[in-house]
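Here are the chains, one letter per residue:
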Amino acid sequence: MAAQSANAVQSGQPRIVVVGAGKRFGDHQVYRNVNFSVGSREVLAIIGPSGCGKTTLLRAIDGLMPLTEGEILIEGEKVVEPRGGVAMVFQHFGLFPWKTVYQNVGYGLKLAGASAAVIAEKVPQFIDLVGLNGFEHHYPYQISGGMQQRCGLARALAIEPRVLLMDEPFGAVDAQTREILQFELLRIWEMRPTTMVFVTHSIDEAVLMGDRVVVLKGHPAGVHEDIRVDLARPRTRATLSEGRFADLREYVWGTLMADARKAEFEVTQ
Ligand SMILES: Nc1ncnc2c1ncn2[C@@H]1O[C@H](COP(=O)(O)OP(=O)(O)O)[C@@H](O)[C@H]1O
Ligand SMILES: [Mg+2]
């Protein structure tokens, strides 16, 4: 009972809080007054057109790039530099080409200060979790894009992050592999639920992955809508054929695309 209520308190507090976030490069205000929070076992999907600042915002949460306005708190502490327990998965995998799968997965742990014994114990576990057994000693160029991203995912998960940031992680793989990886990630998340911010420009992917979908748009961009996705978990392929999934997808589509055609013609005039 005590453990249960402690858990409830913990999950009631947002793990990430973004307050009045803005980013400007010279005269270019990319986004402004962005506010949202993410709970400890929540997946927040962020969707928005190319250039609206999704990557920049993730990098700010990761502590790699400062905001120009506002602040980001993780577990109540202001983010001013990269911190332990926060891991990022990149669109273009971000693997070291001169390191093997095993060494790439071990790298994050090494950076986090893990001992050789811990690395030797954890790396095989996470290679197994993402289904890369047998490929430990392959180099990135020897494996497919999907497998490279499994490796990127294993490297991020191996540090057992409290915050997992994903920047269009399946944007560089073919459509079928993308679907496979989406369901793999959902399976892994069920086993190890954590705070996740999942950036994508796929509406289906945002609805499938997220507990909420934040729609960023405008010039400068801002949070246009913060939509609750009330689809049951675990989410599986069957989720894709639920009527509610179709409704939510249509809703997000309408939100995102309402002015897109107008904007397209404005640009080309
Ligand atoms: N280091 C930088 N210097 C100048 N402009 C940048 C820099 N990084 C990003 N930008 C600009 O900020 C905007 C948002 O970029 P980004 O966050 O990559 O968008 P998204 O990920 O949504 O496609 C783009 O117009 C981009 O050109
Ligand atoms: Mg981006």
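Please refer to the structure placed before this passage.
All of these numbers come straight from a predicted model, not from anything done at the bench. Throughout, residues of each chain are indexed from 1 in the direction in which the sequence is written. Naming scheme: in the order in which they are written, chains are lettered from A and ligands are numbered from 1. The predicted origin of the model limits local features to residues at a pLDDT of at least 70 and limits the giving and counting of side-chain atom pairs to 80 or more, whereas totals for whole chains, interfaces and linings rest on all residues.

Draft legend 1. Just the packing of helix H3 (residues 101-111) against helix H5 (residues 145-158), in detail. Between H3 and H5, the shortest axis-to-axis distance is 7 Å and the interhelical angle comes to 30°. It follows from the interaxial angle that H3 and H5 lie roughly parallel. When the axes of H3 and H5 are compared, the crossing they make is right-handed. Side by side, H3 and H5 meet where Val101, Asn104, Val105, Tyr107, Gly108 and Leu109 of the first sit next to Cys151, Ala154, Arg155, Ala156 and Ala158 of the second. Each axis is a line fitted through C-alpha atoms, and for a helix only the stretch in contact is used; angles between axes span 0 to 180 degrees, taken between their N-to-C directions. In DSSP terms, a helix is any run of H or I states spanning at least four residues, a strand is any run of E spanning at least two, and both are numbered starting from the N terminus. Here roughly perpendicular refers to angles of 65 to 115 degrees, roughly parallel to angles under 35, roughly antiparallel to angles over 145, and oblique to all remaining angles. In this scheme the crossing of two helices becomes right-handed for a clockwise turn of the near helix relative to the far one and left-handed for an anticlockwise turn of less than a right angle. Two residues form a contact once the distance between their C-beta atoms, set from the backbone, is within 7 Å.

Draft legend 2. Representation of the sheet that holds strand E6 (residues 86-89). A pair of strands is labelled paired if DSSP reports no fewer than 2 bridges between them. If you walk across this open sheet you meet the 6 strands as E6-E7-E8-E3-E9-E10, and the pairing is mixed. Two strands bound the open sheet, and with one partner strand each, they are E6 and strand E10 (222-228). Each neighbouring strand pair of the sheet contributes to a mean axis angle of 20°, computed without reference to strand direction. As paired strands, strand E9 (residues 212-217) and E10 are joined by 6 bridges and run antiparallel to one another. Counted as the bridge partner of Arg212 is Arg228 from E10. Helix H8 (residues 243-257) contacts strand E3 (43-47), E9 and E10 of the sheet and is inclined by roughly 15° relative to E9.

Draft legend 3. Quick peek at the site of ligand 1. Being near a molecule or strand means, for a residue, that its backbone-placed C-beta atom lies within 6 Å of it. All residues adjacent to ligand 1 are Phe25, Val30, Gly48, Ser50, Gly51, Cys52, Gly53, Lys54, Thr55 and Thr56. If one sorts the elements of the shell around ligand 1 by residue count, helix H2 (residues 54-61) sits on top with 3 residues. For the shell around ligand 1, the residue count by class is 3 nonpolar, 6 polar and 1 charged. All residues other than Ala, Val, Leu, Ile, Met, Phe, Trp, Tyr, Cys, Pro, Asp, Glu, Lys and Arg, Gly among them, are scored as polar; the first ten of these are nonpolar and the last four charged.

Draft legend 4. Structural view of the nonpolar core. Only buried Ala, Val, Leu, Ile, Met, Phe, Trp, Tyr and Cys residues enter a nonpolar core, and they are joined through C-beta atoms within 7 Å. Buried residues are those with 20 or more other C-beta atoms within 10 Å of their own C-beta, exposed residues have 12 or fewer, and partly exposed residues lie in between; C-beta atoms are placed from the backbone. Ala154, Leu165 and Val197 are the most contacted members of the largest nonpolar core, which has 68 residues in total. The element best represented in this core is H5, accounting for 7 residues. In contact with Ala154, other than residues within four places in its own chain, are Val105, Phe126, Ile127, Leu129, Val130 and Leu132.

Draft legend 5. A look at helix H4 (residues 116-129). Its 14 residues give H4 an end-to-end C-alpha distance of 20 Å, which sits within 8% of 20 Å, the value for a rise of 1.5 Å per residue. Taken together, the buried positions of H4 are Ile119, Lys122, Val123, Phe126 and Ile127. Gly131 sits one or two positions beyond H4 and adopts a positive phi of about 80°. Any helix carries an expected span of 1.5 Å times its number of residues minus one.

Draft legend 6. The arrangement of the sheet that holds strand E2 (residues 28-39) in detail. Strand order across the open sheet formed by 4 strands is E2-E1-E4-E5, with antiparallel pairing between neighbours. For this open sheet the edge positions go to E2 and strand E5 (77-78), each flanked by a neighbour on one side alone. Relative to E5, strand E4 (residues 69-74) is paired through 2 bridges, and the arrangement is antiparallel. Across the sheet, Leu73 pairs through a bridge with Lys78, a residue of E5. Packed on one face of the sheet, H2 meets strand E1 (14-25), E2 and E4 and runs near 125° to E1.

Draft legend 7. Structural detail: the pairing of strand E7 (residues 163-167). Among the 5 residues of E7, 5 are classified as buried, and the element is accordingly described as predominantly covered. Every second residue of E7 is oriented toward a common face, with Val163, Leu165 and Asp167 on one face and Leu164 and Met166 on the other, all of them buried. As paired strands, E6 and E7 are joined by 4 bridges and run parallel to one another. Residue pairing in the sheet places Val86 in a bridge with Val163 of E7. Note: E7 against strand E8 (residues 195-200), 5 bridges, orientation parallel. Across the sheet, residue Val163 finds its bridge partner in E8, namely Thr195.

Draft legend 8. Structural context of the environment of Ile188. Relative to the elements of secondary structure, Ile188 occurs in helix H6 (residues 175-191). Ile188 gets classed as partly exposed once you count the C-beta atoms within 10 Å, which come to 18. Counting along the chain gives 58 residues from Ile188 to Val130, while the straight-line C-alpha distance between them is 8.1 Å. Contact partners of Ile188, with chain neighbours within four places excluded, come to Leu129 and Leu157.

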